[in-house]
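# Structural overview
Here are the chains, one letter per residue:
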Amino acid sequence: METMGDLLERICEFASHEMTREGAKKAFGWNAYSIDVKNRENDESYIFIKFENGYTLFVRYYLSLDPTESKDSCEFTLGLQTDMRSRIRYDIHYAGYIHGQGYIRLRVQEMKNRMQQMVLEEFYIPALKAIYKPIIIQFKGLYSRDFFGVEADSVYGEIFYAPVSSRSEHKEARIGEVVGRLNELDLLLKQPQIKHDLAELDLQLSLLPSTVWSDL
């Protein structure tokens, strides 16, 4: 395998059969320590594979209902697990304006009450964007519409590459180049100042009255 498109074909083949750790090793060359499958009986399945080397594959597998299509289809996201954690679950990545200027696209978990939502909108979201703003350009993708991003919550953290499907221009990206960038970004986010700023933001949230988070 050389490109993400090659990996996509291998994933679709793997997902169309019985999925085992042995099959994952044969298909991808990495030892898997967990394979989680949801909605296996439906037209759309979700497969999450964690490998012992820290990489992950999140796969959306679609059964073909079109009699003119001989193959099922799938889309996948390649990720790298990190030690990043956050009291508030978020997903942040680079996105480009039409003139090439980078900006931040941020999604955070939905809050259950008005006070929690106010804390997010007036404090947490602006502070998180301020931390990522100086470095988000480094999460730019390899093509015009792809990107790298980060997601984190209280128990899990991951750096990920944009979803790849048969229609993606970045399916031509080389696997080695994508993996290399994931590791570069992992080292970037481990820089002392960035880790300190993110930890400080979480600490400030923890100092808020417990009633704010009582429903979380």
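Below: a short report on this structure. (Residues numbered from 1 in each chain as written. Predicted model: local features only at pLDDT ≥ 70, side-chain atom pairs only at ≥ 80, totals over all residues. Heavy atoms only, no water.)

### A few points about the overall build of the protein
Test applied: Secondary structure elements are defined from DSSP: runs of H or I of at least 4 residues count as helices, runs of E of at least 2 residues count as strands, and each element is numbered from the N terminus. When accessible area is computed with a 1.4 Å probe and restricted to protein chains, residues below 20% of their type maximum are described as buried, those above 50% as exposed, and intermediate ones as partly exposed. Residues count as neighbours in contact if any of their non-hydrogen atoms are within 4.5 Å of one another. Where accessible areas are quoted, they stem from the Shrake-Rupley method and a 1.4 Å probe; at the residue level, only the protein chains shown are allowed to cover.
Within the protein one finds 5 helices and 8 strands. Shown N-terminal to C-terminal, the secondary structure of the protein runs as helices and strands in the order α-α-β-β-β-β-β-β-α-β-β-α-α. Sorting the 216 residues of the protein into buried and exposed places 41% on the buried side. Residue pairs in contact within the protein that sit at least 24 positions apart in sequence constitute 54% of those at least 6 positions apart. For the protein, the accessible area works out to roughly 12,600 Å², and carbon and sulfur atoms hold 49% of it.

### A few points about the environment of Val59
Positionally, Val59 belongs in strand 3 (residues 55-62). Using a relative accessible area of 2% as the deciding quantity, one classes Val59 as buried. Spatially, the C-alpha atoms of Val59 and Phe48 are 6.3 Å apart, while their sequence positions differ by 11 residues. Excluding residues that lie within four positions of it along the chain, Val59 makes contacts with Ile11, Ser45, Tyr46, Ile47, Cys74, Glu75 and Phe76.

### A few points about the state of the cysteines
Note on terminology: disulfide describes a covalent bond linking the sulfur atoms of two cysteines. In plain terms, the rule: Cysteine sulfur atoms are paired as a disulfide whenever they come within 2.5 Å of each other.
Within this structure, the stated rule accounts for 1 disulfide. The disulfide partner of Cys12 is Cys74, and the S-S distance across this bridge is 2.1 Å. In this structure the cystine formed by Cys12 and Cys74 twists about its S-S bond by roughly -100°; its chirality is therefore left-handed. Taken together, the residues Cys12 in helix 1 (residues 4-15) and Cys74 in strand 4 (residues 73-82) connect sequence positions 62 residues apart. Across the pair, Cys74 and Cys12 agree in class, each one buried.

### Thoughts on the pattern of salt bridges
The line we're drawing: Between Lys or Arg on one side and Asp or Glu on the other, a salt bridge is scored when a side-chain nitrogen of the former is within 4 Å of a carboxyl oxygen of the latter.
In the structure shown here, the tally under the stated rule is 5 salt bridges. Taking the shortest distance from any N to any O, the salt bridge between Glu2 and Arg174 comes out at 3.3 Å. Within this pair, whereas Glu2 is found in the segment before helix 1, its partner Arg174 is found in the loop between strand 8 (157-161) and helix 4 (175-189), the two being separated by 172 residues in sequence. Classification of Glu2 as partly exposed rests on a relative accessible area of 49%. Here Lys195 makes a salt bridge to Asp83, at a shortest N to O gap of 3.6 Å. Taken together, the positions of Lys195 in helix 5 (residues 192-206) and Asp83 in the loop between strand 4 and strand 5 (90-96) put the pair 112 residues apart, joining distant regions of the chain. Using a relative accessible area of 45% as the deciding quantity, one classes Asp83 as partly exposed.

### Brief notes about empty space enclosed by the protein
Over the atoms, a rolled probe matching the size of one water molecule traces out where space is still vacant. What counts here: Using protein atoms alone on a 1 Å grid, points that fit a 1.4 Å probe yet trap it form a cavity, whereas open point sets bounded by protein on both sides within 12 Å along at least five of seven lines form a pocket; residues with an atom within 4 Å of a point count as lining. Grid points are joined across faces, edges and corners, and a volume is the space filled by probe spheres set on the points. For this scheme, ten residues count as nonpolar: Ala, Val, Leu, Ile, Met, Phe, Trp, Tyr, Cys and Pro. Four count as charged, namely Asp, Glu, Lys and Arg, and the remainder, Gly too, count as polar.
Here the structure, examined in full by the defined rule, presents 1 cavity of 30 Å³ or more. What the largest cavity holds in volume is close to 50 Å³. Lining the largest cavity are Met84, Arg85, Ser86, Tyr90, Tyr124, Leu128, Leu198, Leu201 and Asp202. Among the secondary structure elements, those contributing two or more residues to the lining of the largest cavity are helix 3 (114-132) and helix 5. For the lining of the largest cavity, a count of residues per class yields 6 nonpolar, 1 polar and 2 charged.

### Some remarks on helix 2 (residues 21-28)
Convention followed: To be clear, the arc concerns the directions from the helix axis to the C-beta atoms.
Turning to helix 2, its buried residues number three or more, namely Ala24, Ala27 and Phe28. Axial view of helix 2: buried residues confined to an arc of 75°, hence all on one face. Pointing more than 90 degrees away from the buried face of helix 2 are the exposed residues Glu22 and Lys26. Close packing links the buried residues of helix 2 with helix 1, strand 1 (32-38), strand 2 (44-51) and strand 3. Phi turns positive, to about 80°, at Gly29, one or two residues after helix 2.

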